Amino acid sequence: MIKAGEAKKIHIAIIGRKNVGKSLLINSIANIEPSHRTTSDLISRKVQLVSGSPEIVIDFAIIDDESDFDKNKKNTMIDVVSTAALALLVLDARTELSQSEVRVITFLQKIKLPFLVAVNKIEFGVSSNLLIELEALEITHFEISCKESAGIESLRKKLIQMLQN
């Protein structure tokens, strides 16, 4: 969790299902050597996107199975998002939006938190249904591949631009 005295630093809430590439995306954006691990719990990690300003990137996985998306994890996600300057929702390009992802998008829109959507794993193709769903929700997204470093730089530039505003 965020420690006392860190509240004035910039926070980015990284949100997504298990295995969508949240940690790899953080590593790619911050030019950090990747660690090959799967995470489903809250992780706080300091990275520097803008020179001279340490940010805390918060990595949180949405549980795919609604029965696993218990009240504590939901409350933790709400706490994390409420401290963030912006959120980055990471989706798997091969899938359609889950109910949890739609709820997160609706929540972010409701609280008016600036957010971006990164559609990762485009090297495997992109679900046309996912693109239709994002368009219906009027969501601008970035199609990326962390594995192939495609689209990362434009996403990174947009994140920096949003953080500087």
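Residues numbered from 1 in each chain as written. Predicted model: local features only at pLDDT ≥ 70, side-chain atom pairs only at ≥ 80, totals over all residues. Heavy atoms only, no water.

Next up on the list: the overall build of the chain. Within the chain, the secondary structure is distributed over 5 helices and 6 strands. When the helices and strands of the chain are placed in sequence order, the string is β-α-β-β-α-β-α-β-α-β-α. The buried share among the 165 residues of the chain stands at 45%. Long-range pairs, those at least 24 residues apart, make up 69% of the contacts in the chain with a sequence separation of at least 6. Summed over its atoms, the accessible surface of the chain is roughly 8,600 Å², and 50% of this surface lies on carbon and sulfur atoms. (Helix = DSSP H or I, 4+ residues; strand = E, 2+ residues; numbered from the N terminus. Buried < 20%, exposed > 50% of the residue type's maximum accessible area, 1.4 Å probe, protein only. Contact = heavy atoms within 4.5 Å. Areas by Shrake-Rupley, 256 points an atom, 1.4 Å probe, with all protein chains shown as cover.)

Looking at the element boundaries, R156 is found in helix α5 (residues 152-164). Within the buried set, R156 has no salt-bridge partner at all; the shortest N-O distance to an opposite charge, 4.1 Å, is to E153. Sequence-distant contacts of R156, that is, excluding residues within four places in its chain, are made with I29 and L49. (Lys, Arg positive; Asp, Glu negative; His and termini not counted. Salt bridge = Lys/Arg side-chain N within 4 Å of Asp/Glu carboxyl O.)

A word on helix α4 (residues 128-136). Where α4 begins, the side chain of S127 points an oxygen toward the backbone nitrogen of N129, at a separation of 3.3 Å. With its phi angle positive at about 60 degrees, E138 sits one or two positions after the end of α4. (Polar contact = N/O pair within 3.5 Å; in protein donor to acceptor, adjacent residues only side chain to side chain.)

Before going further, it helps to examine the confidence of the model for the chain. The pLDDT averaged across the chain works out to 80; a share of 72% of its residues lies at or above 70. Here residues 1-8 is a poorly scored stretch, pLDDT under 50, and it has 10 contacts once near neighbours within four places are set aside; other chains count. (pLDDT = per-residue confidence, 0-100.)

One way to put it is that helix α1 (residues 22-30) packs onto α5 with a least axis distance of 9 Å and a crossing angle of 80 degrees. Put simply, α1 runs roughly perpendicular to α5. From α1, L25, S28 and I29 reach across to α5, where they touch I152, L155, R156 and L159. Here the contact of α1 with α5 is composed, by residue class, of 5 nonpolar, 1 polar and 1 charged. (Axes fitted to C-alpha atoms, helices over the stretch in contact; angles between N-to-C directions. Parallel < 35°, antiparallel > 145°, perpendicular 65-115°, else oblique. Nonpolar A, V, L, I, M, F, W, Y, C, P; charged D, E, K, R; others polar.)

Per the stated rule, a full pass over the model turns up 2 salt bridges. Notably, a salt bridge pairs R17 with E101, separated by 3.0 Å at the nearest N-O pair. With R17 in strand β1 (residues 10-17) and E101 in helix α3 (residues 99-110), this pair connects stretches of sequence that are 84 residues apart. For R17, a relative accessible area of 15% translates into the label buried.

A few words on the pairing of β1. On any regular strand, side chains alternate: one points to one face of the sheet, the next to the other face. For β1, a buried count of 7 out of 8 residues is recorded, marking the element as mostly surrounded by other parts of the structure. Pairing between β1 and strand β4 (residues 86-92): 5 bridges, direction parallel. What sits directly across from I14, in β4, is L88. (Pairing = 2+ DSSP bridges.)

Now for the nonpolar core. In this structure, L25, I29, L88, I144 and L155 are the most contacted members of the largest nonpolar core, which totals 23 residues. Elements with a contribution of two residues or more to this core: β1, α1, β2 (43-50), β4, β5 (115-120) and α5. Residue contributions to this core peak at 5 residues, all from α5. When residues no more than four places from it in sequence are discounted, the contact partners of I29 are L49, L88, I152, L155, R156 and L159. Counting 22 residues, the second largest nonpolar core, distinct from the first, contains I15, M77, A93 and F115. (Core = buried A, V, L, I, M, F, W, Y, C linked by side-chain atoms within 4.5 Å.)

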